[in-house]
Amino acid sequence: MKPGTRILIVEDDSYIARLVQLELEHRGMKVRCAHDGPSGLEAIAKFDPAAIVLDIMLPGIDGVGVMKKLRQEGNTVPIIMLTARDTAADKVHSLDLGADDYLTKPFDPEELMARLRALLRRAEGDEVLRVVDLEIDTATREVRRGERKLENLTAREYELLEFMARNPRRVLSRSLLLSRVWDQESGIETNVVDVYVGYLRKKLDAPGEVRLIQTVRGVGYSLREP
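Summarised in this report is the structure supplied together with it. (Residues numbered from 1 in each chain as written. Predicted model: local features only at pLDDT ≥ 70, side-chain atom pairs only at ≥ 80, totals over all residues. Heavy atoms only, no water.)

## Structural notes on the side chain of Glu11
Threshold: Every helix listed is a DSSP run of H or I at least four residues long, and every strand listed is a run of E at least two residues long, numbered separately from the N terminus. Partly exposed residues are those whose accessible area sits between 20% and 50% of the maximum for their type, while under 20% is buried and over 50% is exposed, using a 1.4 Å probe and protein chains only. Here a polar contact means two N or O atoms within 3.5 Å. Within protein one must be a hydrogen donor candidate and the other an acceptor candidate, and residues neighboring in sequence count only if both atoms are side-chain atoms. Note on definitions: a residue-residue contact is assigned when non-hydrogen atoms from the two residues lie within 4.5 Å.
Here Glu11 shows up in the loop between strand S1 (6-10) and helix H1 (14-26). On the accessibility criterion, Glu11 (0% relative accessible area) is buried. Within the local environment of Glu11, its side chain forms a polar contact with the side chain of Lys105, the two groups lying 3.0 Å apart. Those residues in contact with Glu11 that lie beyond four places of it in its chain are Ile16, Ala17, Ala34, His35, Asp55, Leu58, Leu82 and Lys105.

So, in structure tokens, the structure goes:
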């Protein structure tokens, strides 16, 4: 998620709203909170968020009512619904009415962050990234090296590779990679970047293939031909 991205939280539980707000602000987001349906609609009009975290059980107008009004007005802002109800019928109903994703309480804040990142990537437009013989489909997260499909990338490895592919031939410092891929998570040392670059190289470079991730001594890494 890019620093400065506007996220609106519409949640009547002040503890949950504050928790999510702090997580997002720690990552450089601009966040606004509303605690009922009517104030949520007002905030949407004034704040113009890039994405909304929307609780279903809200006073005044519930989350489904807020979402229906937005979609009827033609507003396609990405929405993640939060609810304490986890039946399949509830999920299908919310998704059919226009929700982009659905998360059941209690939830892991890291999962919410990951889902928001995915929604914002889709909203910004899917594309195919190509660097030398590497190809990344950002819609399907499918990665190919020549004719070979890489099946076993972890979520973090993929995010690191995608960020490097969006900045081909640029020398990327460890601190930059850490801040953009790990979202400035506290307690993470820059050497974790070296570890994950090592993981990626083992999966990217088959015998006989040139190494794509180049080490720039004393600075960081660059995705390019040697």
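There is more to say after this.
## Some remarks on the pairing of S1
Stated formally: Whether a crossover is right-handed depends on one test, that the path from the first strand over the helix to the second runs clockwise when the strands point away from the viewer. Two strands form a pair only when DSSP identifies at least two bridges running between them.
Of all five residues that make up S1, four are buried, and the element is covered over most of its length. You can see the chain leave S1, run along H1 and come back into strand S2 (residues 30-34), and the turn it takes is right-handed. Note: S1 against strand S3 (residues 51-55), four bridges, orientation parallel. Bridge assignment links Leu8 to a residue of S3, and that residue is Ile52.

## Focus on the packing of helix H6 (residues 155-165) against helix H8 (residues 191-204)
Keep this limit in mind: Lines are fitted to the C-alpha atoms to define the axes, a helix being fitted only along its stretch in contact, and any angle between axes, read from their N-to-C directions, falls within 0 to 180 degrees. The scheme is simple: roughly parallel for angles under 35 degrees, roughly antiparallel for over 145, roughly perpendicular for 65 to 115, oblique for anything else. Amino acid classes used here: Ala, Val, Leu, Ile, Met, Phe, Trp, Tyr, Cys and Pro are nonpolar; Asp, Glu, Lys and Arg are charged; the rest, including Gly, are polar.
At a minimum axis distance of 10 Å, the contact between H6 and H8 shows a crossing angle of 85 degrees. For the element pair H6 / H8, the angle class is roughly perpendicular. Contacts from Arg156, Glu157, Leu160 and Leu161 of H6 reach H8 at Tyr196, Val197, Tyr199, Leu200, Lys203 and Leu204. Residues that form the contact of H6 with H8 fall into these classes: seven nonpolar, no polar and three charged.

## Some words on the pattern of salt bridges
We apply this condition: Salt bridges are identified by distance alone: a Lys or Arg side-chain nitrogen within 4 Å of an Asp or Glu carboxyl oxygen.
Per the stated rule, a full pass over the model turns up 21 salt bridges. For Glu11, the salt bridge is made with Lys105, and the minimal N-O distance between the two is 3.0 Å. Placement of Glu11 in the loop between S1 and H1 and of Lys105 in the loop between strand S5 (101-104) and helix H5 (109-124) is noted, with a sequence separation of 94 residues between them. In this structure, Glu162 and Arg166 form a salt bridge, with 3.0 Å as the shortest nitrogen-oxygen distance. A residue is classified by how much of its surface remains accessible, and Glu162, at 4% relative accessible area, is buried. Put simply, Asp133, Arg145, Arg148, Asp205 and Glu209 are held in one network by salt bridges that share partners.

## Things to note about the packing of aromatic side chains
Definition in use: Classification of ring pairs rests on two measures: the distance between centres of Phe, Tyr or Trp rings, Trp counted by its six-membered ring, which must be within 6.5 Å, and the angle between planes, read as stacked under 30 degrees, edge-to-face over 60 and tilted in between.
Within the structure shown, the criterion is met by two aromatic pairs. Between Trp182 and Tyr196, the aromatic rings sit 5.4 Å apart at their centres with planes inclined by 75 degrees, giving edge-to-face as the arrangement. Residue Trp182 is located in the loop between helix H7 (174-181) and H8, and its partner Tyr196 is located in helix H8; the two are separated by 14 residues in the primary sequence.

## What about the pairing of strand S4 (residues 79-83)?
Within S4, five of the five residues are buried, which leaves it mostly tucked inside the rest of the structure. Side chains of S4 alternate between two faces, with Ile79, Met81 and Thr83 and Ile80 and Leu82 buried alike. Summarising the sheet, S3 and S4 pair through four bridges and their orientation is parallel. Bridge assignment links Asp55 to a residue of S4, and that residue is Leu82. A crossover connection joins S3 to the parallel S4 through helix H3 (residues 63-72); in handedness this β-α-β unit is right-handed. By the bridge criterion, four bridges tie S4 to S5 in an arrangement that is parallel. Of the residues in S5, the one forming a bridge with Ile80 is Asp101.

## Topic: the sheet that holds S3
Read from one edge to the other, the open sheet built from five strands follows the order S2-S1-S3-S4-S5, with strand pairing classed as parallel. Two strands in the sheet have a free side with no partner beyond their single neighbour: S2 and S5. Shown here is a sheet whose adjacent strand axes are inclined to one another by a mean of 20 degrees, direction ignored. Across the face of the sheet, H3 comes into contact with S3 and S4 while running at roughly 165 degrees to S4.

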